[in-house]
Every structure is written in structure tokens, then in C-alpha cells.
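# Inside the fold
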Amino acid sequence: MEKEQRATVVTKILREAMSLSLPEAMKLKKKMPGSVFIGTKSDTARLKQLLPAEGLKASISRSVTTIAVVAQIGL
């Protein structure tokens, strides 16, 4: 799967999981690769589990105040 195809798949999965509108999903796609969601530990863990199921990589990065799902589409 090529980079653009992976970005499209990630966007579709996250759009469905997060109930995003198409314009919101397109903004999300422009952030990739990078931090695409900041939220609670349980929310980020749930979203992180969706991506590997499609053969995509995701990781959770933590800071003192935020937890983010990082979609790694360039790999």
C-alpha cells in the first residue's frame, strides 16, 4: 500500500470511529504523519487498536498533559 493509500485508509477509519464530517477528516489527513488525535488514555488506546487491524502502524505518545495517537503512514 502506498503512502497516499495508507493516509486515505487511516482517514476513513478515524472518520468513522470519531464521527467526523468530511471536512474535519480532510484536515486530519493533512496532519499525517503526525499527531492526529489528543484525548484520554482510553480513547487513544481504542483508536490505536483500529489501525493495526488494517495493517497500519500507530503509536501513543505521552506528555504531561496530553496523550496522542500518532498515525505513521510514511513507513
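Numbers given for residues are sequential positions, taken from 1 along each chain in its written order. A pLDDT threshold of at least 70 governs which residues receive local features in this predicted model, and a stricter bar of 80 or more applies before side-chain atom pairs are shown or counted, although totals over entire chains, interfaces and linings include all residues. The side-chain numbers reported here are obtained from all heavy atoms of the structure, hydrogens and water having been left aside.

Attention shifts here to the overall build of the chain. Runs of H or I in DSSP of at least four residues are treated as helices and runs of E of at least two as strands, each being numbered from the N terminus. Looking only at helices and strands, the chain has three helices and three strands in total. N-terminal to C-terminal, the α/β element order of the chain is α-α-β-α-β-β. Looking at the 75 residues of the chain, the share that counts as buried comes to 33%. Any two residues whose heavy atoms approach within 4.5 Å at even a single point are treated as in contact. A separation of at least 24 residues holds for 51% of the contacts in the chain among residues at least 6 apart in sequence. Burial status follows relative accessibility: with a 1.4 Å probe on protein chains alone, a residue under 20% of its type maximum counts as buried, one over 50% as exposed, and anything between as partly exposed.

Moving on: the environment of glutamate 4. As for its position among the elements, glutamate 4 is in helix H1 (residues 3-18). Each C-alpha atom, one on glutamate 4 and one on lysine 29, is 9.7 Å from the other, the two residues being 25 residues apart in sequence.

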